[in-house]
Amino acid sequence: MKAPGYILLWKLLAAVILVCQARPKSKLTSQTSSGLRSECMGNLMRLSLDKALAVGNQLEVEAVNGSRRVLLTPALAARCGYSMESDPWGNTRIYASLLGCYIHNTDDSTFELGLRLEMFNPTSPEIISHDVQQTCSFSRWAQREVLCDRNYMEVSHSIPVPNSPTDPMGPKGSSIKDDPQMNVIPGSSEKGGIWKLTFYSPEAVPMMQKEAEQAGYGAHTSANRLVVRSPYHKPETYSEDVAGIPMEVLRVSVYYSAPSGLSVTDMSAACPIGGVLFSERLILWHIPRVVTPLVDSGARIQELYMGMSGHRLDPSQLSARGYSLTTKDFHIVMEIPVGTPDGYYKSHAPDHQYHVSFSVEPMLEVLWRSSQSGDDTRYKVLFPITTPLMPRPPHISDQTVAAARLFSLQVGTFLQDVELRNITFFTGTFSVEECVKRGFSVHQEDYPNGTRIFSVSLAFSEDVVRRHNPEPLVTVYSLPLTLGLVVVPELSSFSVSTELQASLHDVVLPTLSASCDQEKFHITVAYGNQGSNFQAFETLVGYQVLTAESAAEYRFRENATHFYFEVPYTAQNTAFEVLESDSVRARLDILLWDPKNQWTVGDLYLACHFPLTTTQCYPNGTMSALAVKLESVPGLELDRLRLRDRSCRPVRITERSALFSFTVDSCGTSRTFLDDYMVYENEISLDYSNGVVYPGWASRRPRTTPIDPEYRQSISCYYRVHKTISRAFAHAPSSAPAAEVGTGQLQVHMRLAKDSSYRWFYQPDEFPVSKVLKESVYVEVSLDSSSDPRLELVLDSCWATSSPDRSSVPRWDIIVDTCENPEDRYLTQLLPVQKDSSVQIPGHVKRFIIKMFTFTREDQVLQEQLHIHCDAVVCDSNDHTDSACRGQCAHPRSPARPGVGGAKDGRKERSSAQTSSGPVLLQQSGHTNIS
């Protein structure tokens, strides 16, 4: 369709631009080049300029008129019969009507045209010029010729011969109109030529020839023809529908002088401004079969041709290109495949989205013969067509190589008028040049079909890559990025966004080691590959976070590979487990905690014996005894400790100890004789006396019933003649919490949680549960129907089978001898359990995580489901003499056993229980579906 954009003569895309302004003084260099081709095409001359000559330059076109040159501005070109079009890559075609200005016309049969092309670059003082001379011969003029070019309409008419020199009405078929005074020819009639034009739109608008030229029209005579030319959309033209096709119409009466006297000829031109239909693959162009503003309705088609870019195509060429030219009852229909090599695609970015259009310039040439007068009318139309914008979402190809730790993607395809300007990461926006300087690989690849793609590659280690750990041993790397692109030469922008992800089992967790001397715990933590302390994890010493202040207290030291610190056994973060006659067994718990992901990345539980004398016997008959707060009596209030005589209180109390000092004949001390020894004995215990007020209790009512575990510590001194020795004995609660001796089934329950929070569990009607390979399965085993805090549930063994039968094979050991199976490549993770609203007694609950796996035998998959089974024991948490009851994985791991049915000789009998889970199905797809 004709549009305002087509009115502009010099429509140069990409690098070719017409400049109609003063330019700096430059050096002029004349050249000839094979990139210029000129040819004659009927009543047109075409000059083709290859992009190799024009790219990067600005272009001026001058018409050579004898010894002078005339710069062809857009307005002058439309008035004088010149047009130009260019594709996005700079291939340019210049058209000139043989009846145009500045063309040497010899008897309307030989035409000589001279053009000068001057190309210059603003960055260079040199101007490159090309002179073009072309001679065309054309004599097959119809009585009326109508030319519809991109920016103008042209009609030429052979000058009629008058019937009579004295006929005041002029030649046959013409008329003299308007004010008679305006019809008077000024000056001598011997000069000939056009002196007035009257336009009809439809009102009559008379203009003298000079006025018409000033208004942008062109009108002149040649040896045998009258020529009138009008740009599109002038005030004196109008629109009219012909057979449903919108046409722009020019009607004008031309007054001119001839040797025979005054003459007037009515002339008209009609050019299509519509009639195009589009489909996804086809362009249909409809032109009226008979253009009635030009010829009568009975006119017959004598010749009919189709062409491209002003060049006629023969039937074999039409067939080879897939074109079709047919005549219907009312229309001539031209079919053009979208994407034909005679056209080109162009990029656009409306609303910052990528679209393309396809442009092609078909030509129609038809010769009508009037059924009334027998006159011929040749009609030639060059009609640029551009399809509506077609969205082209770019394809993003993820070519990431996880093993090489390299993100890589390709984005395309685009046309070659699209350029990549910048890339935006979550850290900021960088130009392509900046990306290359940072070491990123950014490439553009062009293809012979006129398309291109862009590729970007960078390493996982770059700071523009995000990292997070969904599991302790897994790192997910993500690269969100946005490519900023522009369409040239308009510089309209759009973007393409995506996010690449890759997952690797590449985490090396920290490792802990420890030792003890006579006074301290010595802790060493070797870093993994996730960073150092205070960066990747928190260090909890006795469940207190190691801060910069406490690190200084513990003589914290670090280097590039590990850190080290020392903790005195008397520090507040240690726990006293057992008090013996000459030592105390103290324990230090170290936990490496990831606060971001809320999981443990390492732990260590170390217990050592440290020298400690709790009872001193002095020769003067004085005894001193030290009572310490043990982990087995967590609620002990030291200020409530008394000797047998309840009036005897500690002489000094700290947060962890109480010191008694008394004489052997006081505080209820008893005396007995044993061979050569005299033995003095007393006892430290809790006071539950009614009505007794203790310092620091304020108004708090004293307890009258022993709701806390009883605390009793026996102390004694042995005296011998001339010799005194000291001896201390460890205390133990008088009523030790212990499971009933014997065997039997306890109420132990196993549940599967839906995530790591252990807040939501699968219900019976939700089994079987579907999981994908290596997906986490969250297991909880709990002791039900017991509120005794002295009992502790310990998972002795856990395993998985492919059937509900606990003794079936194959089987997969998960927990062996209370610890994770060290031979399991999907290493089980035991989780600490904290007291919260759902867990009242942490010792009654055990939790662990396994990864979903398949059962195989000789590398063959047997069955895609598993059942989890556990053997559990219930122990006295205060009795640590049995190694299996020291807690979950609190003793050195023994070699992995084939199952839970091994010998247990030498162990105490303990309360035991068995429990199993419902089936968990292995799902082959990448999605988890719990049903």
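Residues numbered from 1 in each chain as written. Predicted model: local features only at pLDDT ≥ 70, side-chain atom pairs only at ≥ 80, totals over all residues. Heavy atoms only, no water.

Asker: So what exactly am I meant to see when it comes to the overall build of the chain here?
Answerer: From N to C terminus, the chain includes seven helices and 73 strands. Taking as baseline every contact in the chain between residues at least 6 positions apart, the subset at least 24 positions apart corresponds to 66%. Carbon and sulfur atoms make up 50% of the accessible area of the chain, which totals about 44300 Å². (Helix = DSSP H or I, 4+ residues; strand = E, 2+ residues; numbered from the N terminus. Contact = heavy atoms within 4.5 Å. Areas by Shrake-Rupley, 256 points an atom, 1.4 Å probe, with all protein chains shown as cover.)

Asker: Help me understand unusual backbone geometry, please; the structure alone is not making it clear to me.
Answerer: The omega torsion across Ser201 and Pro202 is -5°, close enough to zero to call that bond cis. Within the secondary structure, Pro202 is located in the loop between strand 15 (193-200) and strand 16 (204-208). A cis amide bond, omega -5°, links Gly412 with the succeeding residue Thr413. Residue position: Thr413 is located in strand 35 (residues 406-415). Even without being a glycine, Ser309 presents a positive backbone phi close to 55°. Secondary-structure assignment places Ser309 in the loop between strand 24 (300-308) and strand 25 (311-313). Since its relative accessible area comes to 8%, Ser309 is described here as buried. Positive phi is not limited to glycine here, since Arg405 has a value of about 55°. One can find Arg405 in the loop between strand 34 (395-398) and strand 35. (Buried < 20%, exposed > 50% of the residue type's maximum accessible area, 1.4 Å probe, protein only.)

Asker: Before we go on, may I ask you to explain the sheet that holds strand 38 (residues 441-446) in this structure?
Answerer: Pairing in this open sheet of four strands is antiparallel, and the strands run 34-35-39-38 from one edge to the other. Both edges of this open sheet fall to strand 34 and strand 38, since each of them pairs with a single strand only. Recorded for the sheet is a direction-independent mean angle of 20° between the axes of neighbouring strands. Note: strand 35 against strand 39 (residues 451-459), eight bridges, orientation antiparallel. Note on strand 39: the bridge partner recorded for Leu409 is Val456. (Pairing = 2+ DSSP bridges. Axes fitted to C-alpha atoms, helices over the stretch in contact; angles between N-to-C directions.)

Asker: Explain the nonpolar core to me, please; I cannot follow it from the model alone.
Answerer: Nonpolar side chains tend to gather and get buried jointly when the protein is soluble and globular. Counting 89 residues, the largest nonpolar core has Tyr379 and Phe425 as its most contacted members. Sorting elements by how many residues they give to this core places strand 20 (residues 245-258) first, with eight residues. Not counting chain neighbours up to four residues away, the residues in contact with Phe425 comprise Phe430, Cys435, Phe440, Leu458, Val464, Leu479, Pro480 and Leu481. Phe521, Ile590, Trp599 and Cys608 belong to the second largest nonpolar core, which has 34 residues in total. (Core = buried A, V, L, I, M, F, W, Y, C linked by side-chain atoms within 4.5 Å.)

Asker: Whenever I open this one, the packing of aromatic side chains confuses me. Can you help?
Answerer: Aromatic rings considered in pairs are described by the distance between their centres and by the relative angle of their planes. In this structure the tally under the stated criterion is 27 aromatic pairs. When the ring of Phe414 is compared with that of Phe494, the centres are 5.9 Å apart and the planes differ by 50°; the resulting orientation is tilted. With Phe414 in strand 35 and Phe494 in strand 42 (residues 492-504), this pair connects stretches of sequence that are 80 residues apart. With respect to class, Phe414 is no different from Phe494; both count as buried. Above the plane of the ring of Tyr305 lies Arg312, whose end atom (NZ or CZ) is 3.7 Å from the centre. Of note, Arg466 hangs over the ring of Phe426, and the distance from its end group to the ring centre comes to 4.3 Å. (Phe/Tyr/Trp six-rings, centres within 6.5 Å; stacked < 30°, edge-to-face > 60°. Lys NZ or Arg CZ within 6 Å of the ring centre and 35° of its normal.)

Asker: Looking at this model, I keep getting lost on the pattern of salt bridges. Mind explaining?
Answerer: Should the charged atoms of two oppositely charged side chains come close, the side chains can pair. Under the counting rule described, the total for this entry stands at 37 salt bridges. A salt bridge links Arg555 to Glu566; the nearest nitrogen and oxygen atoms lie 3.3 Å apart. Note that Arg555 is positioned in the loop between helix 7 (548-553) and strand 47 (557-558) and Glu566 in strand 48 (residues 562-568), a separation of eleven residues in sequence. Judged by relative accessible area, which is 8%, Glu566 ranks as buried. The salt bridge involving Arg712 is made with Glu683; its shortest N-O contact spans 2.9 Å. Placement of the pair is Arg712 in strand 59 (residues 712-720) and Glu683 in strand 58 (residues 677-686), with a sequence separation of 29 residues. (Salt bridge = Lys/Arg side-chain N within 4 Å of Asp/Glu carboxyl O.)

Asker: For this particular structure, what's the right way to read the pairing of strand 65 (residues 811-816)?
Answerer: Successive side chains on a regular strand alternate, one facing one side of the sheet and the next facing the other. With five bridges joining them, strand 64 (residues 791-801) and strand 65 adopt antiparallel strand pairing. Note that in strand 65 the partner of Ser797 across the bridge is Val816. Taking the residues that link successive antiparallel strands as the turn, the strand 65-strand 66 (residues 819-820) hairpin has two residues, and the phi of Asp817 there is positive, at about 55°.

Asker: What is the right way to read the state of the cysteines from this model?
Answerer: Covalent bonding between the sulfur atoms of two cysteines defines a disulfide. According to the stated counting rule, one finds eight disulfides in the structure shown. Between the sulfur atoms of Cys80 and its disulfide mate Cys101 the distance is 2.5 Å. For the disulfide bridge between Cys80 and Cys101, the dihedral angle about the S-S bond is near -80°, and by the sign convention the bridge is left-handed. Separated by 21 residues along the polypeptide, Cys80 in helix 3 (residues 74-80) and Cys101 in the loop between strand 9 (92-97) and strand 10 (103-106) bring together distant segments of the chain. For Cys80, a relative accessible area of 1% puts it in the buried group. There is a disulfide in this structure between Cys798 and Cys870, and the S-S distance comes to 2.0 Å. Every disulfide takes its handedness from the sign of the S-S torsion; for Cys798 and Cys870 that torsion is 115°, giving right-handed. Linking Cys798 in strand 64 with Cys870 in strand 71 (residues 865-876), this pair joins segments that are 72 residues apart in sequence. (Disulfide = S-S within 2.5 Å.)

Asker: Got a minute to help me understand the pairing of strand 21 (residues 261-272) in this structure?
Answerer: The element strand 21 is extensively covered by neighbouring structure, given that ten of its twelve residues are classed as buried. Sheet topology note: the strand 20/strand 21 ladder contains twelve bridges and is antiparallel. Following the sheet pairing, Ala258 is matched in strand 21 by Gly261. Linking two consecutive strands that pair antiparallel, namely strand 20 and strand 21, is a turn of two residues.

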